[in-house]
Amino acid sequence: MFVLETCLQQRFSCLQIVKKDEFSTKCNQTDFHRMSGGRQEEFRTWLAEEWGRTLEDIFHEHMQELILMKFIYTSQYDNCLTYRRIYLPPSSPEDLIPPGLFKGTYGSHGLEIVMLSFHGTHVKVTKITGDPNVPAGQLTLHIDMTRRVHLPDIEHLHNFDKLSRIVLEIHQQVQCDQQNQEHCQASTQHCLDSSQPACNGVQERQEQGVTAAGVDMQMDAEGAAAGEPGTAGLPFVLPVGVMARNEVYPRTCRACFYGTGLIAGHGFTSPERTPGLFILFNEQCFGFIWLDLKSFSLYSRIEDSLKNAQAPIREAFELMLKNMQSWTS
């Protein structure tokens, strides 16, 4: 925003209206942003402003690489910058917490802004700002509120392997359910006749409303829709071995649900959804444990009031989310 305002004030930038809800800018005098000490001075100045640290303070080689990649990406003044309108998610009385914008911790990538929105019994968390691995516009978290996770007692919660087994059992069941659903769609009449065998007995357990992890799916689905889980705080602590950028997090939660998180290599290569645990602490923050990464992300609500940012209709918001997926394609 500072670069855009400075360029416009100095008349160094051209502004082009591309289409509705979108415009682009391009700096015509990139030397205006350069420093006499060259790129090294620019990097050190940016590092102090962005992170409040010096390069010597960062010992981890991988973290140095990620920070350098972010600097290179954000300081490409020769490129054309495109800005798109973003709507805030619509709210409903059935939502577990008010939807909106949150800032989340992403390990060495630092803080990123995400948008939490409700879609029936599912929660979507979409990146507004991205990083070299997973860019803006991507669905960073996808939570299934019909798959509530009952945590073990606080003593056993310290054990990562025990928590991991609970979540992975649900993940395996989800995969089986998806396979069965795909087969049913391919041969609907065959499924109606109940001649298709269940996937490891999952269908029989579903008829009883019980998951592999001992979760009552019918009760959880009703509770999630009514926004009732966790009125009394449940004790919570991160399992031993799970990395957290900030050790200051709530020690009680309202509810936990199964979900998946999006991970990828540099340049958004080989993206895949991996299982994890969504922790609803309160209306102001939530967390997510990435099982494959043994990492914890904490998300805190952004309180700034944004006027006239609501979508005119829900369909406009859904279309915006769909279009955001193509930002990096």
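Residues numbered from 1 in each chain as written. Predicted model: local features only at pLDDT ≥ 70, side-chain atom pairs only at ≥ 80, totals over all residues. Heavy atoms only, no water.

A short note on the overall build of the protein
In step 1: Across its full length, the protein holds 9 helices and 14 strands.
In step 2: Each of the 329 residues in the protein was classed as buried or not, and the buried ones make up 43%.
In step 3: Intrachain contacts of the protein at a sequence separation of at least 6 include 57% that bridge at least 24 residues.
In step 4: As displayed, the protein has an accessible area near 18300 Å², and 52% of this comes from carbon and sulfur atoms. (Helix = DSSP H or I, 4+ residues; strand = E, 2+ residues; numbered from the N terminus. Buried < 20%, exposed > 50% of the residue type's maximum accessible area, 1.4 Å probe, protein only. Contact = heavy atoms within 4.5 Å. Areas by Shrake-Rupley, 256 points an atom, 1.4 Å probe, with all protein chains shown as cover.)

Here we look at the pairing of strand β6 (residues 122-127)
In step 1: As paired strands, strand β5 (residues 111-119) and β6 are joined by 6 bridges and run antiparallel to one another. In the sheet register, V114 faces β6, and the bridge partner there is K127.
In step 2: The pairing of β6 with strand β7 (residues 139-148) spans 5 bridges and is classified as antiparallel. From the neighbouring strand, T126 faces β7, where its bridge partner is L139. (Pairing = 2+ DSSP bridges.)

Structural notes on the packing of aromatic side chains
In step 1: One pass over the full model with this rule turns up 13 aromatic pairs.
In step 2: Residues W46 and F71 carry aromatic rings whose centres are separated by 5.5 Å and whose planes lie at 55° to one another, so their mutual orientation is tilted. Taken as a pair, W46 in helix α2 (residues 38-51) and F71 in helix α3 (residues 61-74) lie far apart in primary sequence, 25 residues in all.
In step 3: The class of W46 is buried, set by a relative accessible area of 14%.
In step 4: Pairwise contacts between aromatic rings join F102, Y106, F278, F286, F288, W290 and Y299 into one cluster.
In step 5: Over the ring of Y106 we find K127, and its NZ or CZ is 4.5 Å from the ring centre. (Phe/Tyr/Trp six-rings, centres within 6.5 Å; stacked < 30°, edge-to-face > 60°. Lys NZ or Arg CZ within 6 Å of the ring centre and 35° of its normal.)

A short note on unusual backbone geometry
In step 1: Notably, K294 is not glycine yet its phi reads approximately 50°, a positive angle.
In step 2: Here K294 lies in the loop between β13 (285-290) and β14 (295-301).
In step 3: Of note, the phi angle at N308 is positive, near 55°, even though the residue is not glycine.
In step 4: Examined against the element boundaries, N308 turns out to sit in the loop between β14 and α9 (314-324).

Comments concerning the confidence of the model for the protein
In step 1: Put simply, the protein has an average pLDDT of 80, and 78% of its residues get 70 or more.
In step 2: Low pLDDT (under 50) marks residues 1-6, which in the prediction has 5 contacts with non-local residues, meaning those over four places away or in another chain. (pLDDT = per-residue confidence, 0-100.)

Thoughts on the pattern of salt bridges
In step 1: Under the defined criterion, the tally for this structure stands at 7 salt bridges.
In step 2: Measuring nitrogen to oxygen at the nearest pair gives 2.9 Å for the salt bridge that ties K127 to E112. Here the residue K127 occupies a position in strand β6, and E112 occupies one in strand β5, the gap between them amounting to 15 residues. Neither residue differs from the other here; K127 and E112 are each classed as buried.
In step 3: What emerges from the salt-bridge pattern is a single network uniting E112, K127 and D131. (Salt bridge = Lys/Arg side-chain N within 4 Å of Asp/Glu carboxyl O.)

Considering empty space enclosed by the protein
In step 1: Scanning the model with the defined rule gives 2 cavities of 30 Å³ or more in all.
In step 2: For the largest cavity, the lining is made up of 10 residues, of which L66, K70, H109, D131 and P132 are closest to its centre.
In step 3: With 3 residues, α3 is the single largest residue contributor to the lining of the largest cavity.
In step 4: Residues of the lining of the largest cavity, tallied by class, amount to 4 nonpolar, 3 polar and 3 charged.
In step 5: Considered as a void within the structure, the second largest cavity measures approximately 40 Å³ in volume.
In step 6: Residue lining of the second largest cavity: L96, I97, L116, F118, V123, F278 and L280, and that is the complete set.
In step 7: Its residues placed into classes, the lining of the second largest cavity shows 7 nonpolar, no polar and no charged. (1 Å grid on protein atoms, 1.4 Å probe; cavity = no way out; pocket = protein on both sides within 12 Å on 5 of 7 lines; lining within 4 Å. Points joined across faces, edges and corners; volume = space filled by probe spheres on them. Nonpolar A, V, L, I, M, F, W, Y, C, P; charged D, E, K, R; others polar.)

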